Amino acid sequence: NAGVMQNPRHLVRRRGQEARLRCSPMKGHSHVYWYRQLPEEGLKFMVYLQKENIIDESGMPKERFSAEFPKEGPSILRIQQVVRGDSAAYFCASSPYEGYEAFFGQGTRLTVV
Amino acid sequence: EDQVTQSPEALRLQEGESSSLNCSYTVSGLRGLFWYRQDPGKGPEFLFTLYSAGEEKEKERLKATLTKKESFLHITAPKPEDSATYLCAVQGKGYSTLTFGKGTMLLVSP
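To keep things clear, this report deals only with the structure shown in the data block. These numbers were taken from a predicted model, which means no experiment stands behind them.

What follows is about the overall build of chain B. Within chain B one finds zero helices and eleven strands. Starting at the N terminus, the α and β elements of chain B follow one another as β-β-β-β-β-β-β-β-β-β-β. The globule rule puts the C-alpha radius of gyration for 110 residues at 13 Å, and the 13 Å found for chain B is close to it. Structurally, chain B occupies a C-alpha span of about 45 × 30 × 20 Å along its principal axes. Looking at the 110 residues of chain B, the share that counts as buried comes to 50%.

Set out below in structure tokens:
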């Protein structure tokens, strides 16, 4: 059973470009969570999705950030017009049930130059 | 607002030297307390979930315990391969998301 798959592992974007981060949950998992980890800081919750629905986006900046988890295909975290402060590691986690243990992917490290 | 504080920030042990990591938390109704291990450049790896005060769980050289205010991760006779950052997180009742502490970076020297 493959784990949570994230790609790309590393992403470099110039200021003003768009970044698209993809996450394929573990087989049988329909709950997806996105977290961001900044240097010297802990993991911070961004958004919680189920298939085709955003359940909780209270941790996601109101502008430039969006997330989706379509019926078919991976979950996507999209950052428009990236700025240097968006440089961080972005982790996706999935779980089979609401409130169950979440299993993390290896992350996407975004660098904005 | 849920809060998690981990101490110490960093811990250096000799191989075989047992110790404990602390996780203090405040949450309005605890649903679960989670321990993860994170290696450099990798994602967090799930270790344990504790649900109620008094509960204990063990895995190899690790044992996690829980009280109403804090959790401890006890490491018995650690080995160099136990070197990693250990993360604690809480999940409050009524929601699924996790609030993480900043972690304890453990280094075990041979």
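Turning to the sheet that holds strand 8 (residues 75-79) of chain A, a few remarks are in order. Residues and elements named next belong to chain A. Pairing within the open sheet is antiparallel, and its four strands lie in the order 1-3-8-7. Every interior strand has two partners, whereas the edge strands, strand 1 (5-7) and strand 7 (65-68), have only one. In this sheet, neighbouring strand axes are inclined to one another by 15° on average, regardless of whether the strands run parallel or antiparallel. Where strand 3 (residues 19-24) and strand 8 come together, five bridges link them in antiparallel fashion. Bridge pairing links Ala 19 to Ile 79 in strand 8.

This part takes up the packing of aromatic side chains. Under the criterion given, the structure shown has ten aromatic pairs over all chains. Considering the side-chain rings of Tyr35(A) and Phe104(A), the 5.6 Å spacing of their centres and the 50° angle between planes classify their relative orientation as tilted. A residue pair is termed long-range when its members are at least 10 positions apart, and Tyr35(A) in strand 4 (residues 31-37) and Phe104(A) in strand 10 (residues 103-104) qualify at 69 residues. Grouping residues by exposure puts Tyr35(A) and Phe104(A) together as buried. Here the aromatic rings of Tyr97(A) and Tyr100(A) are separated by 5.7 Å at their centres, their planes lie at 90°, and the arrangement is edge-to-face. Three or more aromatic residues link up through ring pairs in this structure, and these residues are Tyr35(A), Phe45(A), Phe103(A), Phe104(A), Tyr36(B), Phe46(B) and Phe100(B).

Criteria and thresholds
- Residues numbered from 1 in each chain as written.
- Chains lettered and ligands numbered in written order.
- Predicted model: local features only at pLDDT ≥ 70, side-chain atom pairs only at ≥ 80, totals over all residues.
- Heavy atoms only, no water.
- Helix = DSSP H or I, 4+ residues; strand = E, 2+ residues; numbered from the N terminus.
- Rg over C-alpha atoms; globule rule 2.2 N^0.38 Å.
- Buried < 20%, exposed > 50% of the residue type's maximum accessible area, 1.4 Å probe, protein only.
- Pairing = 2+ DSSP bridges.
- Axes fitted to C-alpha atoms, helices over the stretch in contact; angles between N-to-C directions.
- Phe/Tyr/Trp six-rings, centres within 6.5 Å; stacked < 30°, edge-to-face > 60°.

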